Amino acid sequence: MKIQRNEETLFHITEGIAGATGPEFFRSLAKHLANALDVRYTFVAECLDRAQTQARTLAYWNGADFTQDVEYALRGTPCEKVIEGNICAYPERLQLLFPEDKPLVTLGAESYLGVPVHDYRGKVLGHLVVMDNRPRVFDEQDVRILRIFATRAGSELERCRAEESLRRSEAQRRTLLDINNAVVTKLSREDLWSAITDAVQRIVPFDRLALSQYDPKQKRLLIVTYGGPYQRDDYTPVGRELKLDDSPAGLAFTSLKYVLRRDLEIERMTSSEERAYNHGFRSLCALPLVVRGRSIGAITMGSLQRAQYSEADAEFLSEVAAQVAIAVDNVNAYEESQALKARF
């Protein structure tokens, strides 16, 4: 009888998700899994960073409807061990076991079962979770059902990522080509910066994009221009000095590495970031401009949205910064030559 009931459960879920792909697949899976296992909450989430410290829900069923997808830190949550590759079950006292996870209190969650979602190589991509606001002993068949559909979720997530990667790759290629053309054709600083901001914004959203250059005579990093929809002049005005040890641009300039802040609400480390946060910015990425192994400045991209920039974005923007560095170096050389002509 129990075997028949389990097979009926599998059939019910499989039928519910049949034909669904992308976001609709994850939503259908969460809803039908919750109904089939008689639990209040179900969600599917993916890891956002290489260190696997952050996750974002792809679908979250709360027993009555889908909630807005959320991003959260894994530390101190029952999901933390699942992302390490473990199957974790907590039949009761979930809130007491994880006191740092305050949303569990809001949800009234008492029991939890989570299984990792893998890609075809066995790498953990995310996790599939069911929770209830009652104590619940999850048996082997519950685990089996979650593992079956975690495998299906892994395949779909991998497919979605491959599809998105192809789209982004083509868009990134066009962006780099546009910037490369600007390097060749735009000799004035204003025309060059306008072409760069237009090209970048088509693929990586920002509210402010600032260019800073290092003045070797003054030994200062100064903002020389900026673009984007956020146009308040009292924020990063032209001529403002960015301290080398107290700003993302300065840190990127000195380290020759990008500086990524996914959430300024909890990651502010410099006074410059504090100022950005007070202006409403919630994420940023600063990248060095390097020519012939020497840093000549930096670009800083800021967004009013949390988690706007990922490590993958930072890697791509590093390629953009390399092109921008060449362009800025060319403009500097052109301006110097024009100044010499004017003298003679």
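Structural notes, computed from the coordinates.

**Considering the nonpolar core**
- Core analysis: the biggest nonpolar cluster contains 31 residues, and V200, V204, L289, I299, M301, L317 and V320 have the highest contact counts within it.
- Secondary-structure elements contributing two or more residues to this core are α6 (140–185), α7 (189–201), β7 (208–215), β10 (283–291), β11 (294–303) and α11 (311–343).
- If one sorts the elements of this core by residue count, α11 sits on top with 9 residues.
- Ignoring anything within four residues of it in the chain, the contact list for V320 reads L176, I179 and V200.
- Counting residues in hydrophobic clusters, the runner-up holds 27 residues, among them L29, V39, F138 and A150.

**As for helix α2 (residues 22–37)**
- With 16 residues, α2 should reach 22 Å at 1.5 Å per residue; the first-to-last C-alpha distance of 23 Å fits that figure.
- Taken residue by residue, α2 has G22, F25, F26, S28, L29, A30, H32, L33, A34 and L37 as its buried positions.
- Positive phi shows up at D38, right after α2, with a value of about 55°.

**Description of helix α8 (residues 248–255)**
- Taken together, the buried positions of α8 are occupied by P248, A249, G250, A252 and F253.
- If you follow the buried residues of α8, they end up packed against β7, β8 (220–227), β9 (259–261), α10 (271–278), β10 and β11.
- Taken from the residues just after α8, L256 is the one with a positive phi, measuring 60°.

**Notes on the pattern of salt bridges**
- For the structure on display, the rule yields 17 salt bridges.
- A salt bridge links R134 to D132, with the shortest nitrogen-to-oxygen separation between them at 2.6 Å.
- The exposure class of R134 is partly exposed, given its relative accessible area of 39%.
- Among the residues examined, D132 registers a relative accessible area of 2% and is labelled buried.
- Residues joined in a network through salt bridges with shared partners are R152, E156, R159 and E163.

**With respect to the side chain of D49**
- Counting through the fold element by element, D49 comes out in the loop between β1 (41–47) and β2 (54–61).
- Buried and without a salt bridge, D49 has R262 as its closest oppositely charged side chain, separated by 6.4 Å.
- For D49, the side chain forms a polar contact with the side chain of T53, separated by 2.5 Å.
- Discounting residues that sit within four places of it in the chain, D49 has contacts with Q54 and E311.

**Some words on the sheet that holds strand β5 (residues 111–118)**
- On the basis of which strands lie adjacent, the open sheet formed by 6 strands has the order β3-β2-β1-β6-β5-β4 and antiparallel pairing. Here the strands that pair on one side only, and so sit at the sheet edges, are β3 (71–73) and β4 (88–90). On average, each strand axis in the sheet is inclined to that of its neighbour by 25°, with strand direction left out of account.
- Packed onto the sheet, α2 meets β1, β2 and β6 (124–132) and runs at close to 65° relative to β2.

**Overview of the pairing of β8**
- Taken across its 8 residues, β8 has 6 buried, putting it largely inside the fold.
- Pairing of β7 with β8 involves 7 bridges; the strand directions are antiparallel. The partner of L211 across the bridge, within β8, is T225.
- Where β7 folds back onto β8 in an antiparallel hairpin, the turn is made up of 4 residues, including K219, whose phi is positive at roughly 55°.

**Section: the packing of aromatic side chains**
- Going through the model one piece at a time under the given rule, you end up with 9 aromatic pairs.
- Ring geometry for F43 and Y60: centres 5.1 Å apart, planes at 15°, overall stacked. Here F43 is found in strand β1, whereas its partner Y60 is found in strand β2, with 17 residues between them in sequence. Each member of the pair, F43 as well as Y60, is classed as buried.

How each quantity is defined
- Residues numbered from 1 in each chain as written.
- Predicted model: local features only at pLDDT ≥ 70, side-chain atom pairs only at ≥ 80, totals over all residues.
- Heavy atoms only, no water.
- Core = buried A, V, L, I, M, F, W, Y, C linked by side-chain atoms within 4.5 Å.
- Buried < 20%, exposed > 50% of the residue type's maximum accessible area, 1.4 Å probe, protein only.
- Helix = DSSP H or I, 4+ residues; strand = E, 2+ residues; numbered from the N terminus.
- Contact = heavy atoms within 4.5 Å.
- Expected span 1.5 Å × (residues − 1).
- Salt bridge = Lys/Arg side-chain N within 4 Å of Asp/Glu carboxyl O.
- Lys, Arg positive; Asp, Glu negative; His and termini not counted.
- Polar contact = N/O pair within 3.5 Å; in protein donor to acceptor, adjacent residues only side chain to side chain.
- Pairing = 2+ DSSP bridges.
- Axes fitted to C-alpha atoms, helices over the stretch in contact; angles between N-to-C directions.
- Phe/Tyr/Trp six-rings, centres within 6.5 Å; stacked < 30°, edge-to-face > 60°.

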